[in-house]
Amino acid sequence: MANTFSLILVLVTLVTGVVWALEKFVWSKKRKQALMSAEEQTKTGLSQDLAAKIHPQPWWVENSVSIFPVIAFVLVLRSFIYEPFQIPSGSMMPTLLVGDFILVEKFSYGIKDPVFQSKLIETGEPQRGDIAVFKYPPQPNIDYIKRVVGLPGDTIRYTEDKKICVQAAGSSTCEPVAQFDAKQSPFYQDGIPLIEATEKLGPVEHNVLINPLRRDNVQAYQPRAFRNEWVVPEGEYFMMGDNRDNSADSRYWGFVPEANFVGKATAIWISFEFDRDADSALPSWIPTGVRFNRIGGIK
């Protein structure tokens, strides 16, 4: 859907841009010449009403000239700078909640063309701890959002007590990711109160949620995993959700190629609540409130 919208946006910008250029450099000059010729044939000159009727500007030209700057601005903003996304699930709780609307920095991982997503300019690479939007590898038409845990060449271990151990490329030791101050959170899963713990990936410190009664489904791990260990191939990344027991991520469907990355999540620009009773007459998509306290940067 996102790719289709990008293609439509590019086509509309191209068509209106061509019309704008023809109007500015060709058609408007021809109308002006025709108007001057008509005035030369009269001694009293042309009234404004009569002048407007001689070679008038077609409505579709007028509309194209009006909307081209707006469409071009939207195309540049959405394709190369920032794009808005909505959080549809709880896999990134407690960092991101359902109803959060976020801004994704498109230029963080390279400037790409808006249609084929080919990288045009190198600007950076995903870093450990980043929250990134990417094309879901099994279905690239779907956008996913997870946290970058493993970089190319890393060895990732996920222990039975649900802690991450990262052995960076070129290192001989596996460094545990610090988890401390575990406490009961206000979040529940299937009626079970979740445990909230602090984790640090690279320079990024953030909170994760753990279901204390749920064991990890090791049998569902990707075939390339040796039990609970993954070696990240070159050019690919290992992604995980912060809601560890409610996240379909690289543990289950594999690594994310660098080409799939859309951008880095940087801020929440608005956050809606959808707490409505099942018997409510209003549609479920209508917000019940705004969480102003969530607006701001993301870590």
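So, here's what we can say about the structure. As the structure is a computational prediction, the values presented were derived from the model and not from experiment.

On to the sheet that holds strand 12 (residues 204-210). If you trace the 3 strands from one edge of the open sheet to the other, you get 10-11-12, paired in antiparallel fashion. Each edge of the sheet is formed by a strand with only one pairing partner; in this case those strands are strand 10 (179-189) and strand 12. Adjacent strand axes in the sheet meet at a mean angle of 30° when their direction is disregarded. Of the pairings in the sheet, the one linking strand 10 to strand 11 (residues 192-201) comprises 6 bridges and is antiparallel in character. Bridging from a neighbouring strand, Y188 pairs with P193 of strand 11.

For the rest of this paragraph, the subject is the packing of aromatic side chains. By the definition in use, this model includes 18 aromatic pairs. Seen from their ring centres, F101 and W269 are 5.7 Å apart, and the 65° between their planes marks the pair as edge-to-face. Of the two residues, F101 is situated in strand 2 (residues 100-105) and W269 in strand 16 (residues 261-273); the sequence distance between them amounts to 168 residues. Arranged with centres 5.4 Å apart and planes meeting at 85°, the rings of Y136 and W253 form a pair that is edge-to-face. Of this pair, Y136 sits in the loop between strand 5 (131-135) and strand 6 (143-150) while W253 sits in helix 4 (residues 250-253), and the two are 117 residues apart along the sequence. Exposure class is identical for Y136 and W253. Each is buried.

With antiparallel pairing, 4 strands are arranged side by side in an open sheet as 9-8-7-13. In this open sheet, the two strands that pair with only one neighbour each are strand 9 (175-176) and strand 13 (229-231). Pairing geometry for strand 8 (residues 164-167) and strand 9, over 2 bridges, is antiparallel. Residue pairing in the sheet places V166 in a bridge with E175 of strand 9.

Tracing the backbone through its elements, the reader meets S185 in strand 10. Excluding anything up to four places from it in sequence, S185 contacts L194, E196 and L209. At 3.1 Å, the side chain of S185 forms a polar contact with the backbone nitrogen of F187.

Examined against the element boundaries, S250 turns out to sit in helix 4. Here M239 takes part through its backbone nitrogen, which lies 2.8 Å from a polar atom of the side chain of S250. Beyond its immediate chain neighbours, meaning those up to four positions away, S250 contacts Q222, W230, Y237, F238, M239 and F255.

As a further point, take a nonpolar patch on the surface. Together, V70, F73, V74, V76, L77, I81 and F107 line one region of the surface with nonpolar side chains, adding up to about 550 Å² of accessible area. Relative to the elements of secondary structure, V76 occurs in helix 3 (residues 59-81). The class for V76 is partly exposed, based on a relative accessible area of 40%.

Calculation notes
Residues numbered from 1 in each chain as written. Predicted model: local features only at pLDDT ≥ 70, side-chain atom pairs only at ≥ 80, totals over all residues. Heavy atoms only, no water. Pairing = 2+ DSSP bridges. Helix = DSSP H or I, 4+ residues; strand = E, 2+ residues; numbered from the N terminus. Axes fitted to C-alpha atoms, helices over the stretch in contact; angles between N-to-C directions. Phe/Tyr/Trp six-rings, centres within 6.5 Å; stacked < 30°, edge-to-face > 60°. Buried < 20%, exposed > 50% of the residue type's maximum accessible area, 1.4 Å probe, protein only. Contact = heavy atoms within 4.5 Å. Polar contact = N/O pair within 3.5 Å; in protein donor to acceptor, adjacent residues only side chain to side chain. Patch = residues over 30% accessible without salt bridge, like charges linked within 9 Å, V, L, I, M, F, W, Y side chains within 5 Å. Areas by Shrake-Rupley, 256 points an atom, 1.4 Å probe, with all protein chains shown as cover. Salt bridge = Lys/Arg side-chain N within 4 Å of Asp/Glu carboxyl O.

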